[in-house]
Structure formats: structure tokens, C-alpha cells
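# Report on the structure
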Amino acid sequence: MRIDVVTIFPEYLRPLDVSLVGKARARGQLDVRVHDLRRWTHDRHHTVDDTPYGGGPGMVMKPEPWGEALDEVLGTPAGAEPADAEPAVTGPELPTIVVPTPSGRPFTQELAQRLSTLPWLVFTPARYEGIDRRVVEEYAARYPLHEVSVGDYVLAGGEAPVLVMVEAIARLLPGVLGNAESHRDDSFAPGPMAALLEGPVYTKPPRWRDREVPEVLTSGHHGRVARWRRDEALRRTSQHRPELIERCDPESLDRHDLAVLAELGWCLDRDGRFGRGSVDVEE
Ligand code: JB8
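One structure accompanies this document, and this report is about it. (Residues numbered from 1 in each chain as written. Predicted model: local features only at pLDDT ≥ 70, side-chain atom pairs only at ≥ 80, totals over all residues. Heavy atoms only, no water.)

This part covers the sheet that holds strand E7 (residues 145-149). Read from one edge of the open sheet, 5 strands run E2-E1-E6-E5-E7, paired in parallel fashion. Every other strand in the sheet has two partners, leaving strand E2 (31-36) and E7 as the edge strands with one partner each. Along the sheet, successive strands turn relative to each other by an average axial angle of 30°, direction set aside. Relative to strand E6 (residues 120-123), strand E1 (residues 2-7) runs parallel, the two being bridged by 4 bridges. When the bridges of E6 are listed, isoleucine 3 appears paired with leucine 121. Its contacts with the sheet put helix H2 (residues 63-73) on E1, E2 and E6, and the angle it makes with E1 is roughly 165°. The strands touched by helix H5 (residues 159-170) are E1, strand E5 (96-106), E6 and E7; relative to E6, the strand with the most contacts, the crossing angle is about 165°. (Pairing = 2+ DSSP bridges. Helix = DSSP H or I, 4+ residues; strand = E, 2+ residues; numbered from the N terminus. Axes fitted to C-alpha atoms, helices over the stretch in contact; angles between N-to-C directions. Contact = heavy atoms within 4.5 Å.)

Given below as C-alpha cells:
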């Protein structure tokens, strides 16, 4: 996979040089190219922002540097093309543009999986109040383009979201994690365990500061271990993400799951969905 990032803070992307993503790059599994947007400015101050039309606080990123940068990175000629010209970019190498923005669609494990199957992603992290809308419209008309939010909080720019998304995508690429099994138990991975948070994990020593590892994990009973892990996952999900229980398919649960959820105050309503009855068992 090839990934381009266009940013006014190329140094912010340095974490892509280390750890999982850095190693995938060193192994040739991932080709990451970070570009400084100011390369495509022409004034002595390398201006990338201007005041917003209509007034209001903050600044908006000017369209011209983004247009020149994206035309070059995406491999299209900067000028207008004749209507009958061959498209400069075609076939399996068609890039997909990802625009981080708090007003985008949520970045989920499902979107990470879909993006991980594509050959070429181009990220456009902005600063200030964002990029002039016409840039997004222009490139959405020419390429697949997704405006994506990594969560309901406001950052100062899209670079940290790019780090988040690239890591989530890179670890899904074939051969980047040790073995294919590594993905199966991920919280949010599709499958029977879908949308349950993972429970606690332990390692040696068996007693640390008077705290013991739960006995079941050292018992050697694989069936009891699996059941205990699932109970813990249900408890944790109930506590931290009750909406995941509310929208889960009760058909995907066994009798023991239903008993654990009942203990946590969940009951099936008339249309076969979970609700927390009238009993409040929080905390
Ligand atoms: C300017 O909070 B965020 C986010 C915030 C931003 C930009 C992109 C993303 C661009 N501010 O996800």
C-alpha cells in the first residue's frame, strides 16, 4: 500500500518512522510519503491560510496550495485536460483521498478494514478551521474521497487523526502483524465476538503486590478460561458501552451470556432488543 500525507507539519508525522508502521515501511509492505504543503505556495511568507468569507473567528486554509499539491501528488497535470484525454490515473492505482475533520463520518474498524484493502490512500490533514470547501468538492468529483472523524472531540488539526488512522489500517495489511490470528479477537472485529469490549489481561508474576491472577487463568481448563473471558467482556461492555449491548443481536448470544447480562440488569424487551429494565445496577 502507498500512503501520501500532505500537511503543514511534516514533523508531526515522525511517529510513522517507528514501531509497527516504521517496521512495515522498512520491510517494503508500506510506502509512506509525507509532503510539506508549503512547497506549493509561491509568496515569500508561504501563506496557506486566509480570513473566512462571511466573517467569524479563526482562519481557513486557502484552496490554491491544496489544489497544486493534490494535483502533483495524485499524479494529474496541474492544467486543464482536453475532454477526450486519457485520465492520468486509472485502474487499480486509483488513489482514495481521506480528509480528517470533526464533521466527517466516524472512523470505525469497518472503515479501517475497507481502507486497508485499497492500494493508495492520500491524507489531507488541515489546521485552523479547515480547508476551503471547494477543494473537497473538486477532488470528490474526481476521486473516491472520505471525510472522516476519529471521535467526538475537537483537536487543533488533522495530523493526530492521520496517525490514528494509518496505524489502524497498517496493522491490518497482510504480513504486518505476526499472524492472521492476531486480528480475530480485536474488540470491534466482525464475527461472533463482534462489538464486545475485551476483558482484562494478566501475565507473570502470578502474585504482584499481594494481587493474584484470577485462578481460572492458571487452571489449565481452556473451556472455563474462554467462558470467563467472555463473561468479563460482557461486564466491561455493559459498564463502558451499554449502547453496544442495546444494539447487539440476542441470537449471537448463548444461554450463559443471557444469564450474565440478566445479572447485570439487562432484559429482552418485546421487539427482541436488550434494555436495562427499571432496575439501576450501575456502579
Ligand atoms: C482542523 O478534532 B479533529 C480535527 C480537528 C481539526 C481538523 C481535522 C480534524 C482540522 N481542526 O478530528
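Below, the discussion takes up the nonpolar core. Core analysis: the biggest nonpolar cluster contains 27 residues, and Ile3, Leu30, Phe107, Phe123 and Ile169 have the highest contact counts within it. Elements with a minimum of two residues in this core: E1, helix H1 (19-26), helix H3 (109-116), E6 and H5. Take this core: its biggest share by element is 7 residues, from H5. With near-sequence residues (within four places) excluded, isoleucine 3 lies in contact with Leu30, Asp31, Val32, Arg33, Leu121, Phe123 and Val166. Counting 22 residues, the second-largest nonpolar core is a separate cluster that includes Val48, Leu74, Trp120 and Ile131. (Core = buried A, V, L, I, M, F, W, Y, C linked by side-chain atoms within 4.5 Å. Buried < 20%, exposed > 50% of the residue type's maximum accessible area, 1.4 Å probe, protein only.)

Here we take up the pattern of salt bridges. For the coordinates displayed, the defined rule picks out 22 salt bridges. Linking glutamate 72 and arginine 39 is a salt bridge whose minimum nitrogen-to-oxygen distance equals 2.8 Å. Here glutamate 72, found in helix H2, pairs with arginine 39, found in the loop between E2 and strand E3 (49-50); they are 33 residues apart in sequence, far enough to count as distant. A salt bridge links aspartate 132 to arginine 134, with the shortest nitrogen-to-oxygen separation between them at 2.7 Å. Aspartate 132 gets classed as buried once you look at its relative accessible area, which sits at 14%. (Salt bridge = Lys/Arg side-chain N within 4 Å of Asp/Glu carboxyl O.)

A separate point is helix H8 (residues 255-263). For an α-helix, the turn length of 3.6 residues means that residues three or four places apart are oriented alike. Residues of H8 that are buried include every one of Asp257, Val260 and Leu261, and no others. All buried residues of H8 fall inside an arc of 95° around its axis, so they share one side. Among the exposed residues of H8, those pointing more than 90 degrees away from its buried face are Arg255 and Glu263. Considering only its buried residues, H8 is in contact with helix H6 (222-240), helix H7 (242-246) and strand E11 (274-275). A side-chain oxygen of the first residue of H8 lies 3.1 Å from the backbone nitrogen of histidine 256; this N-cap is aspartate 254. At the C-terminal side of H8, glycine 265 shows a positive phi close to 95°. (Arc of directions from axis to C-beta. Polar contact = N/O pair within 3.5 Å; in protein donor to acceptor, adjacent residues only side chain to side chain.)

What follows covers the site of the ligand. The environment of the ligand is formed by 13 residues, the closest being Pro100, Ala126, Tyr128, Tyr153 and Leu155. In this structure, tyrosine 153 approaches the ligand through a main-chain N or O atom, which is 3.2 Å from an oxygen atom. Leucine 155 is positioned such that a nitrogen or oxygen atom in its backbone is 2.8 Å from an oxygen atom of the ligand. The dominant element in the shell around the ligand, judged by the number of residues it contributes, is E5, at 3 residues. (Near = heavy atom within 4 Å.)

Attention now moves to the side chain of arginine 127. With respect to the helices, strands and loops of the structure, arginine 127 is situated in the loop between E6 and helix H4 (133-140). At a separation of 2.9 Å, a polar atom in the side chain of arginine 127 contacts the side chain of glutamate 159. Residue contacts for arginine 127: discarding those within four places in its chain leaves Ile8, Phe9, Tyr12, Met61, Ala156, Gly157 and Glu159.

Let us look at the environment of phenylalanine 107. By the secondary structure assignment, phenylalanine 107 is in the loop between E5 and H3. Each C-alpha atom of the pair phenylalanine 107 and alanine 168 lies 9.8 Å from the other, and the pair is 61 residues apart in sequence.

Glancing now at the packing of aromatic side chains. All chains considered together, the criterion is met by 1 aromatic pair. Ring geometry for tyrosine 139 versus tyrosine 143: centroids 6.5 Å apart, planes at 20°, classification stacked. (Phe/Tyr/Trp six-rings, centres within 6.5 Å; stacked < 30°, edge-to-face > 60°.)

Counting buried positions along E1 yields 5 of 6 residues, so the element is predominantly enclosed. Inspection of the sheet shows E1 paired to E2 by 6 bridges, in the parallel sense. Looking across to E2, one finds that threonine 7 is bridged to aspartate 36. For the segment spanning E1, H1 and E2, crossover handedness is right-handed. (Right-handed = clockwise from strand over helix to strand, strands pointing away.)

It is the contact of H6 with H8, at a shortest axis distance of 10 Å, that shows an interaxial angle of 40°. Comparing their axes, H8 and H6 come out oblique. Considering how the two elements wind past one another, H6 and H8 form a crossing that is right-handed. Contact with H6, carried on its side by Arg227, Arg230, Asp231, Leu234 and Arg235, involves His256, Asp257, Val260, Leu261 and Glu263 of H8 and no other residues of that element. Residues belonging to the contact of H6 with H8 are distributed by class as follows: 3 nonpolar, 1 polar and 6 charged. (Parallel < 35°, antiparallel > 145°, perpendicular 65-115°, else oblique. Left-handed = near helix turned anticlockwise from the far one by under 90°. Nonpolar A, V, L, I, M, F, W, Y, C, P; charged D, E, K, R; others polar.)

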